[in-house]
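Structure at a glance
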Amino acid sequence: MKANCWMGKRDVRVEDVPEPQILNSTDAIIRVTSTAICGSDLHLYNGLVPSMRAGDVLGHEFMGEVMEVGRGVRTLKVGDRVVVPFPIACGKCAMCAQKKFSVCENSNPNAWMAKPMWGHAGAALFGYSHMLGGFAGGQAEYARVPFADVGPLKVPAGLRDDQVLFLSDIFPTGYMGAEMCNIQPGQVVAVWGAGPVGQFAIASAKLLGAERIIAIDSLPYRLEMAKKHAGATDIIQNDKEDSLEALRELTGGRGPDACIDAVGMEAHGHGPAYIYDRAKQAMMLQTDRPTALRDCILACRNGGTVSVVGVYGGFIDKFPMGAVVNRALTIRAGQCHVHRYLQPLLQHIENGDIDPSFVVTHHMALHDAPAGFETFMHKRNHCEKIVLTTAALA
Amino acid sequence: MQQGSESGRNPSTGRYAPVRRTVRTQPLTAGDGDGETQDGALDVTARGTRQRAQALGWLSVALGVMEIAAPQVLAQALGIKADRSTRRILLACGVRELCAGAGVLLSDKKAAWLWSRAAGDVVDLALLAAAPALKNADKTRTAAAITAIAAIAACDVWTAAIAAQEETPDDAVAGELAAHGQEIRAAVTVATSPKEAYDRWRDLEALPRFMWQLKAVTVTDAKHSRWEATGPAGTSIGWNAELTEDQPGRSIAWCSRAGSELLHAGRVAFTAAPGGQGTEVHMQLTYEPPLGPVGAAVARLGMPQEQLEADLRRFKQLIELGEVVISDATITGRDERPAQPAHLPKGRVRSKS
C-alpha cells in the first residue's frame, strides 16, 4: 500500500509499504478514506520531535472503513465507518477509567524512552515518534487501530468525511482547550493561533458561552476565517500591533479571563526575544519556542486561566513564573482526551451547531502528501487545513 | 502510482479483498522462531562456557607442542628469525602453554587456568611487540600474529570471567554481590490484588511472556529453576536460580547458584496500593557483571534499568489487558525498526500472550 513516510527533516515521501496486520486481539484494520495533515505534523517535519526514524508512517487524523477486526473486538464490525482518535488508549487502566485517555498507562510500548524528558510517559499516539509508541500513522491506505472497541467512533452515513474527520483531533483539541478555561457567562477568551486548532478553540469557546472571543495571529486570512466562520468577536494581527497592548485595550485593562495557547513549540514572533528563542532552539539549548505561551501568561487577567493545547515537546526558557504565582493564574494543559469528546461533539455536528469542514482549504490525493506538507508549512495559497484522500488511488 | 501491485487488492477491480486477509485466530502465540526446543537451548548454553574453555585448552596444547617440536616453522610463521635465543624463548613458552592447556582441560577450576592463559597472552604480545626491532623480522607477519593473539586474549579474558562466575560456590554468591553487585530497581502499579500479582509471578516458566530478555525458564524442583536469557550482543547466558524467599501474596526472592553465567539476586514484592488502586509491584535486581567495571559498562549498553521497567509495564499489560501491546516499531520485541507495518517471517512477532 501507499503511505506517507517521514524520511528525515523536511523530507516526507509516499512509499510502498506492507499492509498492516492484526497484531493484538483487539486491533482493527481500517481502510483510510480521509486523513489530514496536522499542525503538529509540522513539528515532526521540521525535525523538532526526538525519536523519529526514517520510514515512520505519519498521520494521526484519519477515518475510514473497518476491513478486519481481531478476535477480541466486540462492538466494531467489518464495514463500519469510523473516525479514529489520535491518542491510543486501552480503556482499562486507571487513567482511562478517569477518562484521561491521552495519558493511558498501557498503550505505549516505548514508555521508557519518554522518561528522561518527561519523567513518565503519556499514551501512544498514531504516527508520532517512537517515544510515543512507534505506531504507524494514518496517512496511508490502511491503518491498524489498536483497542478498536475503545477509540473509533462510528459515524452516520449522512455526514461527509470533511464534517467528521476532525473529531480525530483538532475539534476535540480545540474544545478541550476551551473547556479547560471553565468559561462563565460574560467572560472574554483570547486564543493565540488561528490555525485549525485555534479555529476550533474559538468555535468551542462560543459553544461554551464566552461573550467575547479574541483571535490572535499574524496571518490575515486566518484571522478572517476566525471572524467569519469560527465566531471570533475581535482579531489582533500580532505582527502589526503589540498583542499585549491591544488586549489590554480590548478588555478595559483587565486582560482576558482566559487565554488559550493553540500555537505550541514553533511560535512565530518578532523582536529580540524571538531571535533569542530561535537561536536557542537551533542550538538545541531549548527544544521549544514559547513565544505564545509567554504572551498568554502576561496577558491573562489576575486569577485567570491559561489553557495550553498547542504541542510542546521538551523544555522552554524565560518562563514567566513570577506572573503565574503573583497573579494567581491557573495553568491547564494536555494532549486531548479525544475519546471523551467524540459523542458530545458528534452531537453538535448532527445538531448543526457547527460544521467543522469550514477549516478545509485544500483537498489533495494521498500521493501528493509531500506537496501538502510544503504548502502547509509555508502557508501557501492561504492554506489552513489539508485533507488527503485515498479515493484517487482506489 | 503502482496500482494493482499492492497485496490484498484484487488486480482487476483495484478493490481491497478482505478474504485474502484472514484474521489469525492466534495472532499472539509465542514464537521464538529459532527452532530450538527448550531442552536443546538449555543444553547448548549450559555447555557453552565449558566448550569454549575446552577449545582454548586444546589451542594451548597444540601451540605448546608446536613451540617445542617445530620452533623453526612457528618462528617463520610469526615473521621472526629462528636463532638460538628465539628457540629458547619458544621452548619456555611451549612449556607454559602445555601447563596451561593441561590445567584448563583437566582441572575443575577452569577460571584460574584461563586467567593464566590470558597472562601468557600478555607475555606473548610483549615479546612480539619487541620482534620488529630484530634483524630480518617480517613486520607484516608479526602484525598479523599480534592481531590474532589479541583476539584470542579477548576470548580468554571473557571465558575466564564467565567461568569465574560459574565456579563461584553457592555460599559465596551473596558476598560477591554485596561487594561488587550493581543494583537496579523498578516499580509499577497494577490493577489487581497482591495475591493475583504474586500468583502470576510465581508461575516462573511464564515469566518470558513479559520479561523479554528471557528465552526460557525451566523449573527443576520446588526451589530450583534454570533460566536462559539473551545477553549482550545477542549472546546467550544462563543461570541456575534458587528461591530464597517465597511468601504467597507478598514476595518472591531468588539467587543464582553455581553454574550460573551471571551472578545475581532478585526480589519482587507485592503491596496494596493506596486508595484501592491495586498492587504495587516493586522489583529489585542485583547482578555482578563479568569483568567488573568493564562488564558493567557493557551491561549498561543493554540498558538493564530500561529493560526492567519495560518488563514491568508488560506485566501490567498482561494483567490489565490480557496481552502485551505491540506497536509497529516494537514488533520484534525491541524498538529497532520504523513505525511502519511489516510482513515479518512467521515466528518473528515477539509477542507472548
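Every value quoted in this text rests on a predicted model; they were computed, and no experiment measured them.

**Considerations on the overall build of chain A**
- A count of helical and extended segments in chain A gives 13 helices and 18 strands.
- The C-alpha radius of gyration computed for chain A amounts to 20 Å, which stays within 12% of the reference 21 Å derived for 394 residues, consistent with globular compactness.
- Summarising its shape, the C-alpha atoms of chain A cover approximately 60 × 50 × 45 Å along the three principal directions.
- Going through the 394 residues of chain A one by one, you find that 63% of them count as buried.
- Across chain A, contacts joining residues at least 24 apart in sequence account for 71% of those joining residues at least 6 apart.
- In the form shown here, chain A has an accessible surface area of approximately 13900 Å², with 53% of it arising from carbon and sulfur atoms.
- Averaging the coordinates of the 37 positive side-chain charges in chain A and doing the same for the 40 negative ones gives two points 4 Å apart.

**Concerning helix 8 (residues 243–250) of chain A**
Residue and element names in this part refer to chain A.
- Looking at helix 8, one finds that the buried residues are Ser-243, Leu-244, Ala-246 and Leu-247. Projected down its long axis, helix 8 shows its buried positions confined to an angular sector of 160°, all on one face.
- Close packing links the buried residues of helix 8 with strand 11 (188–192), strand 12 (212–217), strand 13 (234–237) and helix 10 (291–299).
- Here helix 8 starts with a cap whose side-chain oxygen sits 2.9 Å from the backbone nitrogen of Leu-244, and that cap is Asp-242.
- Positive backbone phi, approximately 60°, marks Gly-252, located one or two places after helix 8.

**Description of the nonpolar core**
- One finds Phe-166 and Leu-167 of chain A to be the most contacted residues of the largest nonpolar core, which totals 81 residues.
- Core analysis: the next-biggest nonpolar cluster, separate from the first, contains 38 residues, Ala-229, Trp-239, Val-268 and Val-324 of chain B among them.

**Here's the deal with the sheet that holds strand 4 (residues 56–57) of chain A**
Residues and elements named next belong to chain A.
- One open sheet holds the three strands; their spatial order is 2-1-4, and the pairing between them is antiparallel. The two strands at the open ends of the sheet, each matched to only one other strand, are strand 2 (11–16) and strand 4.
- Seen against the sheet, helix 13 (residues 369–377) touches strand 1 (2–8) and strand 2 and runs at an angle of roughly 160° to strand 2.

**Comments concerning the sheet that holds strand 16 (residues 330–333) of chain A**
Residues and elements named next belong to chain A.
- Spatial ordering of the open sheet is given by 13-12-11-14-15-16, a layout of six strands whose pairing is parallel. Single-partner strands in this sheet number two, and they are strand 13 and strand 16. The mean angle between the axes of side-by-side strands here comes to 15°, regardless of whether they run parallel or antiparallel.
- Here four bridges tie strand 15 (residues 305–308) to strand 16, and the two strands are oriented parallel to one another. When the bridges of strand 16 are listed, Thr-305 appears paired with Thr-330.

**A look at the packing of aromatic side chains**
- This model, assessed by the stated rule, comprises 13 aromatic pairs over all chains.
- With centroids separated by 6.2 Å and ring planes inclined at 90°, the aromatic side chains of Tyr-198 of chain B and Phe-270 of chain B adopt a geometry described as edge-to-face. Separated by 72 residues along the polypeptide, Tyr-198 of chain B in helix 7 (residues 194–202) and Phe-270 of chain B in strand 6 (residues 263–272) bring together distant segments of the chain.
- Ring-pair connections join several aromatic residues into one group, and the members of that group are Trp-201, Phe-210, Trp-227, Trp-239, Trp-254 and Phe-315 of chain B.
- Directly above the aromatic system of Phe-376 of chain A lies the positively charged group of Lys-379 of chain A, at a separation of 5.3 Å from the ring centroid.
- Here the guanidinium or amino end of Arg-314 of chain B rests over the ring plane of Trp-212 of chain B, the centre of that ring lying 4.1 Å away.

What counts and how
Residues numbered from 1 in each chain as written. Chains lettered and ligands numbered in written order. Predicted model: local features only at pLDDT ≥ 70, side-chain atom pairs only at ≥ 80, totals over all residues. Heavy atoms only, no water. Helix = DSSP H or I, 4+ residues; strand = E, 2+ residues; numbered from the N terminus. Rg over C-alpha atoms; globule rule 2.2 N^0.38 Å. Buried < 20%, exposed > 50% of the residue type's maximum accessible area, 1.4 Å probe, protein only. Contact = heavy atoms within 4.5 Å. Areas by Shrake-Rupley, 256 points an atom, 1.4 Å probe, with all protein chains shown as cover. Lys, Arg positive; Asp, Glu negative; His and termini not counted. Charge placed at Lys NZ, Arg CZ, Asp CG, Glu CD. Arc of directions from axis to C-beta. Polar contact = N/O pair within 3.5 Å; in protein donor to acceptor, adjacent residues only side chain to side chain. Core = buried A, V, L, I, M, F, W, Y, C linked by side-chain atoms within 4.5 Å. Pairing = 2+ DSSP bridges. Axes fitted to C-alpha atoms, helices over the stretch in contact; angles between N-to-C directions. Phe/Tyr/Trp six-rings, centres within 6.5 Å; stacked < 30°, edge-to-face > 60°. Lys NZ or Arg CZ within 6 Å of the ring centre and 35° of its normal.

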